[in-house]
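Letter by letter, the chains look like this.
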Amino acid sequence: MPTPDARLRFILFDLDDTLYPRCAGLMTRVHELMDDWMVRRLGITREEAVALRTRFYRKYGTTMTGLLVEHHIDADDFLHHVHDFQPSAFLKPNPALRRALTRIPLRRVIFTNGTRAHAQRVLEALDIAPLFERIIDVADIGYVSKPAPKAYQRALEILDATARECILVEDSPRNLVPAREMGMTTILVGNEPAPEADHHVQDVTQVADVVAHILNARRSEAGADGP
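Bear in mind that the values here come from a model prediction, so they are computed numbers and not experimental data.

Another aspect to go through is the overall build of the protein. The helix and strand inventory of the protein stands at 9 helices and 6 strands. Relative to a compact globule of 227 residues, whose C-alpha radius of gyration would be 17 Å, the protein shows 18 Å and is just as compact. Within the protein, the proportion of its 227 residues that are buried is 52%. Accessible surface, the protein: about 10900 Å² in total, of which carbon and sulfur atoms supply 50%.

Shown next as structure tokens:
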């Protein structure tokens, strides 16, 4: 667990399946479009596309990374296709999430393997777009995707921050591992806790309570070390 010697400045939120529940079905649509792209561009069957997507996710962390490494694809063409739909068909404004985010006294950032345009549409569908200072998308980090350590290093460079100044909120335990190793505080959103996370919540609205607990603990420890 990170040491409490650095002032927290940023909270980085993953986007898909983190700011909204997996049951919303949005990522199911993304996966369908990934399969559709591979069928058309690679000339394979849909069954083969599903198997390839699964293999790439397990080996590389994302389908796009596998396609870049093994097929040298045009990343922008792929990303445009898989995000070519309106998230508002799957999501609706979430006042409880909006209230929770406003309670977090840190600079709020989206850190996503997707595109800025897709992230903006998701935030608008949830009615929380104005609450985020910026979006760090896959293009910003040179089309390197989480969980590659370089993605996190690049995000920190963009923010001019150290890892110990950041909290990362994710639905994927695997994506928390590099962040925690670098010194970020990690919060997992999901049904079950995992050893990769410093903290766990079942609903993203509970992150505000965890952040309050972290900040109070750091203040207490700083006071205990004082004169």
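The next point concerns the packing of aromatic side chains. Centre distance and the angle of the planes are the two values used to describe a pair of aromatic rings. As enumerated under the stated definition, the model contains 5 aromatic pairs in all. Relative to F132, the ring of F13 has its centre 5.8 Å away and its plane inclined at 85°; by these criteria the two rings are edge-to-face. Of this pair, F13 sits in strand 1 (residues 10–13) while F132 sits in the loop between helix 6 (116–126) and strand 3 (134–136), and the two are 119 residues apart along the sequence. Accessibility classification places F13 together with F132 in one group, the buried group. We note R174 situated over the ring of Y57; from NZ or CZ to the ring centre the distance is 4.4 Å.

A word on the side chain of D17. Take D17: it is sitting in the loop between strand 1 and helix 1 (26–42). For D17, a relative accessible area of 13% translates into the label buried. Those residues in contact with D17, other than ones at most four positions away along the chain, are R22, M27 and D171.

Let us now look at the environment of A100. Tracing the backbone shows A100 in helix 5 (residues 95–102). In this structure A100 comes out as buried when scored by relative accessible area, which is 6%. Distance in space between the C-alpha atoms of A100 and T205 is 5.5 Å, their sequence separation being 105 residues. What A100 contacts, discounting residues up to four positions off in sequence, is T205 and A208.

With 17 residues, helix 1 should reach 24 Å at 1.5 Å per residue; the first-to-last C-alpha distance of 24 Å fits that figure. Of all the residues in helix 1, the buried ones are L26, M27, V30, L33, M34, D35, D36, W37 and M38. Tucked into the core, helix 1 has its buried residues touching helix 2 (46–60), helix 3 (63–71), helix 4 (75–82) and helix 6. One or two residues past the end of helix 1 sits G43, with phi positive at roughly 70°.

Here we take up the pattern of salt bridges. Taken as a whole and judged by the stated rule, the model has 19 salt bridges. Two residues, D127 and R98, come together in a salt bridge whose shortest N-O distance is 3.9 Å. Here D127, found in the loop between helix 6 and strand 3, pairs with R98, found in helix 5; they are 29 residues apart in sequence, far enough to count as distant. Judged by relative accessible area, which is 29%, R98 ranks as partly exposed. Among the ionic pairs, D209 bridges to R103, the shortest N-O distance being 2.7 Å. With D209 in helix 9 (residues 207–224) and R103 in the loop between helix 5 and strand 2 (107–111), the pair connects residues that are 106 residues apart, well separated along the chain.

What follows deals with the nonpolar core. One broad trend across soluble globular proteins is that nonpolar side chains are buried collectively. Within the largest apolar cluster, 54 residues are counted, with the highest numbers of intra-cluster contacts made by F13, L19 and V207. The biggest single contributor to this core is helix 1, with 7 residues. With residues near it in sequence (within four places) discarded, V207 still touches I11, F13, I104, V169, I187, V189 and V201.

Below, the discussion takes up the sheet that holds strand 4 (residues 166–170). Strand order in the open sheet formed by 6 strands is 3-2-1-4-5-6, with parallel pairing between adjacent strands. Looking at the sheet topology across the chains shown, the edges are occupied by strand 3 and strand 6 (199–201). Strand-to-strand twist of the sheet, defined as the mean angle between neighbouring strand axes without regard to direction, takes the value 25°. Looking at chain direction, strand 2 and strand 3 are connected through 3 bridges and run parallel. The partner of F111 across the bridge, within strand 3, is I136. Along the sheet, helix 6 contacts strand 2 and strand 3; its crossing angle with strand 3, the most-contacted strand, is approximately 135°. Lying over the sheet, helix 7 (residues 149–159) contacts strand 1, strand 2, strand 3 and strand 4, oriented at roughly 150° with respect to strand 3.

Parameters and conventions
- Residues numbered from 1 in each chain as written.
- Predicted model: local features only at pLDDT ≥ 70, side-chain atom pairs only at ≥ 80, totals over all residues.
- Heavy atoms only, no water.
- Helix = DSSP H or I, 4+ residues; strand = E, 2+ residues; numbered from the N terminus.
- Rg over C-alpha atoms; globule rule 2.2 N^0.38 Å.
- Buried < 20%, exposed > 50% of the residue type's maximum accessible area, 1.4 Å probe, protein only.
- Areas by Shrake-Rupley, 256 points an atom, 1.4 Å probe, with all protein chains shown as cover.
- Phe/Tyr/Trp six-rings, centres within 6.5 Å; stacked < 30°, edge-to-face > 60°.
- Lys NZ or Arg CZ within 6 Å of the ring centre and 35° of its normal.
- Contact = heavy atoms within 4.5 Å.
- Expected span 1.5 Å × (residues − 1).
- Salt bridge = Lys/Arg side-chain N within 4 Å of Asp/Glu carboxyl O.
- Core = buried A, V, L, I, M, F, W, Y, C linked by side-chain atoms within 4.5 Å.
- Pairing = 2+ DSSP bridges.
- Axes fitted to C-alpha atoms, helices over the stretch in contact; angles between N-to-C directions.

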